[in-house]
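An overview of the molecular structure
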Amino acid sequence: QVQLVESGGGLVQAGGSLRLSCAASGRTFNTYAMGWFRQAPGKEREFVARIWWSGANPAYTDSVKGRFTISTDNAKNTVYLQMNSLKPEDTAVYYCARFGAGSYSASTSYDAWGQGTQVAVAS
């Protein structure tokens, strides 16, 4: 089993930046891709970004393109989400997840999840 622990969330004003970290332990490299999702109150969990552990093939949902950057540090078994130009609509709990099988943008394709870290953006 893999363990995923997110950190780096907080409260920022619109236009600010945060960097989220996802520290992975256990069978980290049994899958080749990791993703970030977010969930706002009363809404479904939403795909944000995904990347291969090699750092290749980053992909993003349209609403964060140009503002968010996903990256990896293999030596530290860590996945990052750099979030710039934050907007109030980015407010959500952000989750790191390990890809299992299926569509990269579907939460059901991921087989391990972290506990989440809260991101709040004030207008």
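The structure reproduced in this document is the subject of the present report. (Residues numbered from 1 in each chain as written. Predicted model: local features only at pLDDT ≥ 70, side-chain atom pairs only at ≥ 80, totals over all residues. Heavy atoms only, no water.)

As a further point, take the state of the cysteines. What the rule picks out here adds up to 1 disulfide. Two residues, Cys22 and Cys96, share a disulfide whose sulfurs are 2.1 Å apart. Torsion about the S-S bond of the Cys22 and Cys96 cystine: about -75°, corresponding to left-handed handedness. Of this pair, Cys22 sits in strand E3 (residues 18-26) while Cys96 sits in strand E9 (residues 92-99), and the two are 74 residues apart along the sequence. For the pair Cys22 and Cys96, one class covers both residues: buried. (Disulfide = S-S within 2.5 Å. Helix = DSSP H or I, 4+ residues; strand = E, 2+ residues; numbered from the N terminus. Buried < 20%, exposed > 50% of the residue type's maximum accessible area, 1.4 Å probe, protein only.)

This part covers the packing of aromatic side chains. Scanning the entire structure with this criterion turns up 10 aromatic pairs. Where Tyr32 meets Trp52, the ring centres are 6.0 Å apart and the plane angle is 75°; that geometry is what we call edge-to-face. With Tyr32 in the loop between E3 and strand E4 (33-39) and Trp52 in strand E5 (residues 46-52), this residue pair connects regions lying 20 residues apart in the sequence. Under the relative-accessibility criterion, Tyr32 is labelled partly exposed at 45%. (Phe/Tyr/Trp six-rings, centres within 6.5 Å; stacked < 30°, edge-to-face > 60°.)

With that settled, consider the pairing of strand E7 (residues 68-73). Both E7 and strand E8 (residues 78-83) contribute to a ladder of 6 bridges, which runs antiparallel. Within E8, the residue paired with Thr69 across the bridge is Gln82. Between E7 and E8, which pair antiparallel and follow one another directly, the connecting turn spans 4 residues, one of which, Asn77, has a positive phi of 50°. (Pairing = 2+ DSSP bridges.)

For the rest of this paragraph, the subject is the nonpolar core. With 27 residues, the main nonpolar core has Trp36, Leu81, Met83 and Tyr94 as its most contacted residues. Residue assignment for this core shows that the elements contributing at least two residues are strand E1 (2-7), E3, E4, E5, E7, E8, E9 and strand E11 (117-122). Counting residues per element, this core draws most heavily on E3, which supplies 4 residues. If you look at the next biggest cluster of nonpolar residues, it comprises 7 residues, including Ala33, Phe47, Phe99 and Tyr104. (Core = buried A, V, L, I, M, F, W, Y, C linked by side-chain atoms within 4.5 Å.)

Of the two faces of E11, only the one carrying Thr117, Val119 and Val121 is buried; Gln118, Ala120 and Ala122 on the other face are not. Across 3 bridges, the pairing between E9 and E11 is antiparallel. By the bridge assignment for E11, Tyr94 is matched with Thr117.

Below, the discussion takes up the pattern of salt bridges. Counted under the stated rule, the structure contains 5 salt bridges. Residue Glu46 pairs with Arg38 through a salt bridge whose shortest N-O separation is 2.9 Å. Given the relative accessible area of 31%, Glu46 is considered partly exposed. For Arg38, a relative accessible area of 6% puts it in the buried group. Linking Arg38 and Asp90 is a salt bridge whose minimum nitrogen-to-oxygen distance equals 2.9 Å. Placement of the pair is Arg38 in strand E4 and Asp90 in the loop between E8 and E9, with a sequence separation of 52 residues. (Salt bridge = Lys/Arg side-chain N within 4 Å of Asp/Glu carboxyl O.)

Everything listed here is a matter of coordinates, which is why it stays silent on function.
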